[in-house]
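# Results of the structural survey
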Amino acid sequence: MFLILLCTCGPAEPAEAPAPAGAAAIIDRAVRAHGMERFDSVAIDFAFRDRHYQVLNDNGRFAYRRRFVDSLGGEVTDLLTNQGLTRMREGETPALTAQDSAAYASSVNSVRYFFMLPYGLYDPAVNTEVLDTVALEGKTYDRIRVTFDAEGGGRDHDDVYHYFFDRDSGELDYLAYTFEVDGGGIRFRKAINKRRVDGVLVQDYVNYGLDGADRDIDRIAARFAAGELPELSLIENTEVKIADPPAVIQ
């Protein structure tokens, strides 16, 4: 009898984690897995491609700063707030066309958005839908499709995104998106160099993709797995600091 009990009470085979119920639950789990629950009120500093970024959030108020030296050697600061974008160069505020202002604002916000994923999926202009599960490099992922409302979705609101969340850890390991500007194309990013900064999961990405009309996002994960996507660049975030925001956001 003792031998029978030993045989029948051994460790069970590990079961695949059940899927959270719906896109909102998957995103909530991912935000917790990445340690971003406090990002409603946070101060973030990081460097990306020789430009320094500062993100300040305070429960709906925000200030995103980008500082860099332009091709003429001038120091430039772009500040995007709830009121819009302001550019300062060498201590002066040049007049901007509406087109330039929108382009600079979009550029600042895009870098901020990707750095803060998956927290950015809480934006009210985001529409989410669970598609299916996908096997990638030996793991199972819940795949979510994301689109954006025209109102509040930015000038690239026609872009379509797919996010891949690890069924076991809840973490965002891959993402794909289409884009229409400059002839259009598709990108597929794989998270690398995962590390914790003040409890927050920070990760870089290998960027793969194709330009032009060949942008079937529903097949992009399979094409990545088959080695059909060329590597384009590395998305690396350095000098990362995360803290509580100042008492006043300007």
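Residues numbered from 1 in each chain as written. Predicted model: local features only at pLDDT ≥ 70, side-chain atom pairs only at ≥ 80, totals over all residues. Heavy atoms only, no water.

## Looking at the sheet that holds strand β2 (residues 51–58)
Worth spelling out the cut-off: Whether two strands pair depends on DSSP finding at least two bridges between them. Put simply, DSSP marks the helices as runs of H or I at least four residues long and the strands as runs of E at least two long, and each gets a number from the N terminus on. Geometry is summarised by axes, namely lines fitted to C-alpha atoms with helices restricted to the contacting stretch, and by angles between N-to-C directions that run from 0 to 180 degrees.
Spatially, β5-β4-β3-β2-β1-β13 is the arrangement adopted by the six strands of the open sheet, whose pairing is antiparallel. Either end of the sheet is taken by a strand with one partner, and the two such strands are β5 (84–89) and β13 (238–243). Looking at each pair of strands side by side, their axes are set apart by 10 degrees on average, direction ignored. Here strand β1 (residues 41–48) runs beside β2; their pairing, made up of eight bridges, is antiparallel.

## Points about the confidence of the model for the protein chain
What counts here: Scored from 0 to 100, pLDDT records how confident the predictor is in each individual residue. The contact criterion used is simple: two residues touch if any of their non-hydrogen atoms lie within 4.5 Å.
Model confidence for the protein chain is summarised by a mean pLDDT of 88, while 87% of its residues fall at 70 or above. The model gives residues 1–15 a pLDDT under 50, and that stretch makes zero contacts with residues more than four places away or in other chains.

## Side note on helix α2 (residues 23–33)
What sets the pattern is the α-helix's 3.6 residues per turn: residues three or four places apart point alike. Using the following cut-off: Summary of the burial criterion: residues with accessible area below 20% of their type's maximum are buried, those above 50% are exposed, and those between are partly exposed, where the area comes from a 1.4 Å probe applied to protein chains only. In this description, the arc belongs to the directions extending from the helix axis to the C-beta atoms.
Taken residue by residue, α2 has Ala23, Ile26, Ile27, Ala30, Val31 and Ala33 as its buried positions. Viewed end-on, α2 has its buried residues packed into an arc of 160 degrees, placing them on one side of the element. Backbone geometry just after α2 places Gly35 at a positive phi near 70 degrees.

## Focus on the pairing of β2
Taken across its eight residues, β2 has six buried, putting it largely inside the fold. Hairpin geometry of β1 and β2 is characterised by an intervening segment of two residues between the two adjacent antiparallel strands and by a positive phi of about 50 degrees at Arg49. In this sheet, strand β3 (residues 61–69) lies alongside β2 in antiparallel orientation, the contact comprising seven bridges. Of the residues in β3, the one forming a bridge with Asp58 is Arg61. The hairpin turn running from β2 into β3, its antiparallel successor, is two residues long, and Asn59 in that turn takes a positive phi close to 50 degrees.

## Description of the sheet that holds strand β8 (residues 161–166)
The strand order across the open sheet built from seven strands is β6-β7-β8-β9-β10-β11-β12, with neighbouring strands paired in antiparallel fashion. Looking at strand neighbours, the two that pair on one side only are β6 (126–136) and β12 (231–235), the edges of this open sheet. The average undirected angle you get between the axes of adjacent strands in this sheet is 20 degrees. Two strands pair when backbone bridges link them, and strand β7 (residues 139–148) and β8 are joined in this way by six bridges, in the antiparallel orientation. Bridge pairing in β8 links Val146 to Tyr161. Relative to β6, α2 is tilted by about 75 degrees, and along the sheet it contacts β6, β7, β8 and β10 (185–197). Contacts from helix α3 (residues 98–115) reach β7, β8, β9 (172–179), β10 and β11 (200–211) within the one sheet, and its direction differs from that of β8 by about 25 degrees.

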